[in-house]
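Each chain, written out:
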Amino acid sequence: VHLMESGGGLVQAGDSLRLSCAASGNTASVIALHWYRQAPGKKREWVGSITLVNGFTVYPDSVKGRFTISRDTAKNTADLQMNSLKPEDTALYLCKAAASEKSYWGLGTQVIVST
């Protein structure tokens with residue numbers, strides 16, 4: 001499974017941004033897609049997940065109410081809609097695919113939120 005994230009960029013605090021994770025390859029083996037982020041000098045942080053079969057989503061409290069994940073099973077994509085962005089949301093955002101036997105990571109897309 002190959003993952004490619006896109007949609008990152010430089011935005012101002014309060015703005016919205018939509019990231020996309022496109023999966024290719026053996027996508028039939030993928031059970032769920034997860035979004036993570038990693039800021040410089042900090043641990044990688046989970047920001048949400050979606051199951052591909054029924055679209056069930058779950059988020060940590062740190063982003064609940066601001067971030068929303070959706071999927072398009074026809075396109076094999078999982079989008080991360082981020083609203084009311086804050087400077088502390090600045091990070092490299094990465095997508096992870098949980099497949100039946102292993103997990104796969106994309107290279108990430110950079111998000112910078114200025115004050």
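Residue positions are counted from 1 within each chain, in the order its sequence is given. pLDDT decides what is reported in this predicted model: residues at 70 or higher carry local features, side-chain atom pairs at 80 or more are listed and counted, and totals for whole chains, interfaces and linings draw on all residues regardless. Here the side-chain values reflect all heavy atoms present in the structure, with hydrogen atoms and water set aside.

Draft legend 1. Main features of the environment of D79. Within the secondary structure layout, D79 lies in strand β8 (residues 77-82). According to the relative accessible area criterion, D79 is buried, its value standing at 16%. Once you skip the residues sitting within four places of it in the chain, D79 turns out to touch R18, L19, S20, C21, W35, T68, I69 and S70. Engagement of the side chain of D79 in a polar contact is seen with the side chain of S20, the distance being 2.8 Å. Numbering of helices and strands runs from the N terminus; a helix is a DSSP stretch of H or I covering at least four residues, while a strand is a stretch of E covering at least two. Each residue gets one of three labels from its accessible area relative to the maximum for its type: buried under 20%, exposed over 50%, partly exposed in between, using a 1.4 Å probe on protein chains only. Here a residue-residue contact requires only that any non-hydrogen atoms of the pair lie within 4.5 Å. Counted as a polar contact is a pair of N or O atoms within 3.5 Å, where, for protein atoms, one must be capable of donating a hydrogen and the other of accepting one, and residues adjacent in sequence contribute only when both atoms are in side chains.

Draft legend 2. A look at the pairing of strand β1 (residues 2-6). Where burial is concerned, the two faces of β1 differ: the one with L3 and E5 is buried and the one with H2, M4 and S6 is not. Note that β1 and strand β3 (residues 17-24) share five bridges and pair antiparallel. Pairing of E5 across the sheet is with C21, part of β3. If DSSP finds at least two bridges between two strands, the strands pair.

Draft legend 3. Quick look at the sheet that holds β1. Taken in spatial order, the four strands of this open sheet run β1-β3-β8-β7, and their pairing is antiparallel. Edge positions in the open sheet fall to β1 and β7 (67-72), since each of these has one partner strand only. For this sheet, the mean inter-axis angle between neighbouring strands, taken without regard to orientation, is 15°. The sheet contact formed by β3 and β8 spans six bridges and is antiparallel. A fitted line through C-alpha atoms serves as each axis, taken over the contacting stretch for helices, and the angle formed by two N-to-C directions is quoted from 0 to 180°.

Draft legend 4. Geometry of the nonpolar core. Think of a nonpolar core as a cluster: buried Ala, Val, Leu, Ile, Met, Phe, Trp, Tyr and Cys residues, connected wherever their side-chain atoms sit within 4.5 Å. Counting 27 residues, the largest nonpolar core has L19, L33, W35, F67, L80, M82 and Y93 as the members making the most contacts within it. Elements supplying a minimum of two residues to this core: β3, β4 (30-38), β5 (45-51), β7, β8, β9 (91-99) and β11 (109-114). In this view, L33 contacts L3, G48, S49, I50, L52, A78, C95, K96 and A97; residues no more than four positions away in its chain are not counted.

Draft legend 5. Examining the environment of R71 more closely. Its location among the elements puts R71 in strand β7. Residue R71 is classed as partly exposed on the basis of its relative accessible area, which comes to 32%. The contact partners of R71, leaving out residues within four places of it in the chain, are I50, T51, L52, V53, N54, G55, T77 and A78. A polar side-chain atom of R71 sits 2.9 Å from the main-chain carbonyl oxygen of L52. A polar side-chain atom of R71 sits 3.3 Å from the main-chain carbonyl oxygen of V53.

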